[in-house]
Amino acid sequence: MKKLIIINGPNLNLLGVREPEIYGNLSFTEFLEDVSSKYKDVFIAYFQSNIEGELIDKLHEVGFTYDGIILNAAAYTHTSIGIGDAVSAIKTPVVEVHISNTFGREDFRHQSYIAPHSKGVIVGFGLQSYELAIHSFIPS
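Per an unreviewed UniProt entry, the recorded name for the chain is 3-dehydroquinate dehydratase, and the organism is Bizionia myxarmorum. Word for word, the UniProt comment on the chain under Subunit (unreviewed entry) is "Homododecamer." Under the heading Catalytic activity (unreviewed entry), UniProt records this for the chain: "3-dehydroquinate = 3-dehydroshikimate + H2O".

Here's what the structure looks like:
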């Protein structure tokens, strides 16, 4: 059984209520229940924190034992060299994910310190971005 983890960064605990015109009306818990039921042969863990150091600690914790990490570092994507370095330091492949199209937003969101160390980047498909990332870890 594949072992994946979704790691979400700051403010993503507010999905479903925060800026629904950008992020939709579904909470992440509701989405995770739905997507987990579709992939019964995949163990999908979940972690969310608004604190940069906790995200780095989680990457270190799972970065040598999981089959894949789906990381939405949110605003830290564009500011955290530390998270980028953590992704570079681990063995588990990481797919960077964003719900919105970061390239269609403010200029500062066009820079990612994670992308150069990632297996790939998926942006702009809403919560479906996470499911696309799950597919990237499942052999066809």
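So, next bit.
Participant: Teacher, can you tell me more about helix α4 (residues 81-89) here?
Facilitator: Residue pairs three or four apart in sequence face the same way in an α-helix, which turns once every 3.6 residues. Residues of α4 that are buried: Ile 83, Gly 84, Ala 86 and Val 87. Along the axis of α4, the buried residues cluster in a sector spanning 160°; they form a single face. At its buried positions, α4 is contacted by α3 (52-62), β3 (68-72) and β4 (94-98).

Participant: Would you take a moment to explain the sheet that holds strand β1 (residues 2-8) for this structure?
Facilitator: One key point about sheets: their strands pair by backbone hydrogen bonds, in either a parallel or an antiparallel sense. Reading across from one edge, β2-β1-β3-β4-β5 is the order of the five strands in this open sheet, with parallel pairing throughout. With partners counted over all chains shown, the strands left at the sheet margins are β2 (42-48) and β5 (120-123), one partner each. Adjacent strand axes in the sheet meet at a mean angle of 20°, parallel and antiparallel pairs treated alike. Across seven bridges, the pairing between β1 and β2 is parallel. Bridge pairing in β2 links Leu 4 to Ile 44.

Participant: What exactly am I supposed to notice about the UniProt feature "site: Transition state stabilizer" (unreviewed entry) in the chain here?
Facilitator: Mapped onto this structure's residue numbering, the UniProt feature "site: Transition state stabilizer" (unreviewed entry) falls at Arg 18. Checked against the element boundaries, Arg 18 lands in the loop between β1 and α1 (20-23). Aside from chain neighbours lying at most four places away, what touches Arg 18 is Asn 11, Leu 12 and Tyr 23.

Participant: Please clarify how the packing of α3 against α4 should be interpreted in this entry.
Facilitator: The packing of two helices is summarised by the inter-axis angle and the distance between the axes. In contact at an axis separation of 9 Å, α3 and α4 are set at 0° when each is read in the N-to-C sense. In terms of orientation, α3 and α4 fall into the roughly parallel class. Together, Glu 52, Leu 55, Ile 56, Leu 59 and His 60 of α3 and Gly 82, Ile 83, Ala 86 and Val 87 of α4 make up the contact between the two elements.

What counts, and at which threshold
- Residues numbered from 1 in each chain as written.
- Predicted model: local features only at pLDDT ≥ 70, side-chain atom pairs only at ≥ 80, totals over all residues.
- Heavy atoms only, no water.
- UniProt positions renumbered as here; feature names shortened; annotations may be inferred.
- Buried < 20%, exposed > 50% of the residue type's maximum accessible area, 1.4 Å probe, protein only.
- Helix = DSSP H or I, 4+ residues; strand = E, 2+ residues; numbered from the N terminus.
- Arc of directions from axis to C-beta.
- Contact = heavy atoms within 4.5 Å.
- Pairing = 2+ DSSP bridges.
- Axes fitted to C-alpha atoms, helices over the stretch in contact; angles between N-to-C directions.
- Parallel < 35°, antiparallel > 145°, perpendicular 65-115°, else oblique.

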